[in-house]
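Residues per chain are reported as follows:
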Amino acid sequence: AKTEASNHSRFYIASVDQEIRARKQLEKDLSQALTNEEFHLVYQPQISLQSNRIIGAEALLRWTHPERGMVPPDHFIPLAELNGTIVEIGQWVLNEACRQAAVWASAGMPLRIAVNLSAVQLRQPDIVGTILTTLGRHEIPPGRLELEVTETGFMENLEDAVEKLRQLNNAGINIAVDDFGTGYSSLTYLKRMPVQHLKIDKQFVQDLLVNEDDTRIANTIIDLGRSLNLAVIAEGVETQEQEFYLRQRGCQIAQGYYFSRPLLPHAFVSFVDSFHGK
Ligand code: C2E
Ligand code: CA
Ligand code: CA
Ligand code: CA
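Residues numbered from 1 in each chain as written. Chains lettered and ligands numbered in written order. Predicted model: local features only at pLDDT ≥ 70, side-chain atom pairs only at ≥ 80, totals over all residues. Heavy atoms only, no water.

*Asks:* Can you walk me through the side chain of Asp 178 in this structure?
*Replies:* Positionally, Asp 178 belongs in strand E6 (residues 174–180). The buried charged residue Asp 178 lacks any salt bridge partner; its closest oppositely charged side chain belongs to Lys 199, at an N-O distance of 4.6 Å. When near neighbours in sequence (up to four residues on either side) are disregarded, Asp 178 contacts Asn 116, Glu 148, Val 149, Thr 150, Glu 151, Lys 199 and Glu 235. (Helix = DSSP H or I, 4+ residues; strand = E, 2+ residues; numbered from the N terminus. Buried < 20%, exposed > 50% of the residue type's maximum accessible area, 1.4 Å probe, protein only. Lys, Arg positive; Asp, Glu negative; His and termini not counted. Salt bridge = Lys/Arg side-chain N within 4 Å of Asp/Glu carboxyl O. Contact = heavy atoms within 4.5 Å.)

So, in structure tokens, the structure goes:
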């Protein structure tokens, strides 16, 4: 039994060592991914539940690693936030999303584009100027951009975050609270934050009609949105039943596999055309 235990711990140490080495390698690869042009964006439509029209799209980052293939953002974004590469990567995302939005606008499809903004990006002293310059470069009206920020992104340095978001908002950019309900969820900050949208996290939408707690949480967020005059976006809508429930409960906007997965630009345009019956 003794040898078994020590073999076991030796195996454990070896595997932890391997894991650390793998993560170091991934970090190194990540720092070269931009120059090697390994990133691209996909776009997921956002549908108004009132008009049943596509009103915007969320831009989502994809990394095709030369050996590993597709690495999910949940794996590499936390790493990029830790080592700071998210600043450069996030700037690439914003620029690429604006470039795409300009192409669509000139083709007669002036949709709002939502871009995820990391807390690390929000902490950069020049972030407001950088975002406004990027919009100007592509001649995108600020009202056509939405920044999705998580509650953690707000809370880390509340004063600084409020000030920057206010400047962005004053310039006309929309702000959405992403993953609403999963973080600290202090209701007092919401009153002070210059935000227009609350996004119900998909974990509450997934079991919306099965789990009573999730039903109550979703209802609470929708009611909170109504009383604070903020439109609510439900993410992760996968079934007609979920869509029906959210619509009749007063949720304004929905996004999820029920409508469409995140799409490459050409597929996105076809989807918009066929959804609108063209
Ligand atoms: P998120 O911002 O909460 O994005 C929603 C995630 O749910 C996306 O995963 C999307 O593909 C997925 N999703 C959409 N509809 C459904 C559905 O009906 N069912 C299910 N099960 N999932 C659905 P994705 O693309 O893997 O992104 C994961 C997370 O990575 C995002 O969560 C966001 O936090 C982060 N992320 C993605 N792109 C960026 C980016 O450009 N910058 C930053 N900072 N973070 C990003
Ligand atoms: Ca998001
Ligand atoms: Ca998230
Ligand atoms: Ca989410």
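*Asks:* Would you explain the side chain of Glu 96 in this entry?
*Replies:* Summarising the element assignment, Glu 96 is placed in helix H3 (residues 86–106). Of note is the side chain of Glu 96, whose polar atom sits 2.7 Å from the side chain of Arg 99. Contacts of Glu 96, omitting those with residues within four sequence positions, involve Leu 41 and Tyr 43. (Polar contact = N/O pair within 3.5 Å; in protein donor to acceptor, adjacent residues only side chain to side chain.)

*Asks:* How should the coordination of the calcium ion (ligand 4) be read in this particular structure?
*Replies:* Octahedral six-donor coordination of a metal ideally yields angles of 90 or 180 degrees, compared with 109.5 degrees for tetrahedral four-donor coordination. Looking at the metal site, the calcium ion (ligand 4) is ligated by Asp 179 (OD), Asp 201 (OD) and Glu 235 (OE), spaced 2.1 to 2.3 Å from it. One chain supplies every donor for the calcium ion (ligand 4), spaced along it as D-x21-D-x33-E. (Donors = N, O, S within 2.8 Å, 3.2 Å for Na, K, Ca; no water.)

*Asks:* What should I look at first to understand the pairing of strand E4 (residues 112–116) in this one?
*Replies:* Successive side chains on a regular strand alternate, one facing one side of the sheet and the next facing the other. Burial runs high along E4: 4 of the 5 residues are buried. Looking at chain direction, strand E2 (residues 54–65) and E4 are connected through 4 bridges and run parallel. Within E4, the position partnered with Ala 57 by the bridge is Ile 113. As paired strands, E4 and strand E5 (residues 145–150) are joined by 4 bridges and run parallel to one another. Within E5, the position partnered with Asn 116 by the bridge is Glu 148. (Pairing = 2+ DSSP bridges.)

*Asks:* Explanation requested: the pattern of salt bridges in the structure shown.
*Replies:* Close approach of charged atoms allows side chains of opposite charge to pair. In total, this model carries 10 salt bridges according to the counting rule given. For Arg 21, the salt bridge identified is with Asp 17, shortest N-O distance 2.6 Å. Here Arg 21 and its partner Asp 17 are both found in helix H1 (residues 2–33), 4 residues apart, which amounts to about one turn of the helix. A relative accessible area of 38% places Asp 17 in the partly exposed class. The salt bridge involving Lys 164 is made with Asp 160; its shortest N-O contact spans 2.9 Å. Remark: Asp 160 and Lys 164 occur in helix H7 (residues 158–170); sequence separation between them is 4 residues, near one turn of the helix. According to the relative accessible area criterion, Lys 164 is buried, its value standing at 7%. Here the salt bridges do not stand alone but share partners, grouping Glu 58, Glu 148 and Lys 199 into one network.

Remember, this is a structural readout, not a statement about activity or role.
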